[in-house]
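Chain residues, written in single-letter form:
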Amino acid sequence: MHKRLAAAAALLRDAQAVACLTGAGVSAESGVATFRDAATGLWSKFDPQQLASQAGFAADPGLVWRWYMDRLQKISSVQPNPGHIALAKLAARFAQFDLITQNIDDLHERGGSPTVYHLHGSITRYRCNRCAAPYTLQPQDITAQTPPVCPRCRGPIRPDIVWFGEMLPHHEMEEAWRAARECEMMLVVGTSGIVYPAAQLPQLALQHGATIIEINPDPTPLTPIAGVALQAPSGEALPALLELLDAG
Ligand code: OAD
């Protein structure tokens, strides 16, 4: 492991432009469940079609609302872990550092990362499902049994999260694809690498000459394209990487 960490640090030491793609694994050590873990993953316990699709929302808006309010409360009650904090510190070392996440939590921001591209939206933002007007969550909404209604058009309010079958947000996509083309190194942290189009980013970076450093305790479909694969939890590997870089 130390050899691989040293190899990753050596690659990063001279880089100017670095990008980082994170997934649910980076928040696992904070206590946020991932999606595809066989025992604890959200999609092993809940039906994504019911909870993360337009059809599911239309069928039972209350169920969907209560599930996201439950997740919001859970996420609000946990703290960024050493992996989030190390990423924020790493960013400061490079002329360009683009942080792209598939996560809907705000743990990167709370860990100190100034700019985060949320490819799958954010559980801290809300909007009308009909007219798309932004909505500010009220304290009583958190325990409501059904979604609040839009003050403009009376449509149901939803979290600003990308559901299955929906488009990714335009600005975040543009920035993420730009970052993948421009970076010399891409860190791929805590993602199973099977959800597209996000999983395209490491491939695109590779095509444009970048080296991929993967951090994940388990192998993924992206492991074969990684120049260095650190098979460790990100809450350990990222601080260790930072320490090596700091040591010069
Ligand atoms: P997954 O649940 O598919 O994958 C989580 C990955 O994190 C796995 O590869 C684990 O091995 C790894 N992992 C677990 N613990 C870790 C740790 N401590 N450190 C580092 N890695 C660890 O989650 P994502 O790849 O993020 O989409 O899933 C992608 C998308 O699928 C999500 O954004 C979500 C979901 O459907 C939407 O909600 C739109």
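Residues numbered from 1 in each chain as written. Predicted model: local features only at pLDDT ≥ 70, side-chain atom pairs only at ≥ 80, totals over all residues. Heavy atoms only, no water.

Visitor: Summarise the pattern of salt bridges; cite the residues concerned and give the values.
Guide: This model, assessed by the stated rule, comprises eight salt bridges. A salt bridge links arginine 127 to aspartate 160; the nearest nitrogen and oxygen atoms lie 2.9 Å apart. Taken as a pair, arginine 127 in strand 4 (residues 121-128) and aspartate 160 in strand 6 (residues 157-161) lie far apart in primary sequence, 33 residues in all. Here arginine 127 falls in the partly exposed class, since its relative accessible area comes to 21%. For glutamate 166, the salt bridge goes to arginine 158, with nearest N and O atoms at 2.8 Å. Relative accessible area serves as the criterion here: at 1%, arginine 158 is assigned to the buried category. One continuous salt-bridge network, built from bridges that share partners, spans Asp98, Glu175, Arg178 and Glu182. (Salt bridge = Lys/Arg side-chain N within 4 Å of Asp/Glu carboxyl O. Helix = DSSP H or I, 4+ residues; strand = E, 2+ residues; numbered from the N terminus. Buried < 20%, exposed > 50% of the residue type's maximum accessible area, 1.4 Å probe, protein only.)

Visitor: Which residues make up the sheet that holds strand 9 (residues 228-230), and what values go with them?
Guide: Across the sheet, which stays open at both edges, the six strands sit in the order 3-2-1-7-8-9 with parallel pairing between neighbours. Only two strands of the sheet have a single neighbouring strand rather than two, namely strand 3 (116-118) and strand 9. Going across the sheet, the axis of each strand differs from the next one's by a mean of 20 degrees, ignoring polarity. Judged from the five bridges that link them, strand 7 (residues 185-189) and strand 8 (residues 211-215) form a sheet pairing that is parallel. Across the sheet, residue leucine 187 finds its bridge partner in strand 8, namely isoleucine 213. Along the sheet, helix 9 (residues 170-182) contacts strand 1 (17-22), strand 2 (96-101), strand 3 and strand 7; its crossing angle with strand 2, the most-contacted strand, is approximately 130 degrees. (Pairing = 2+ DSSP bridges. Axes fitted to C-alpha atoms, helices over the stretch in contact; angles between N-to-C directions. Contact = heavy atoms within 4.5 Å.)

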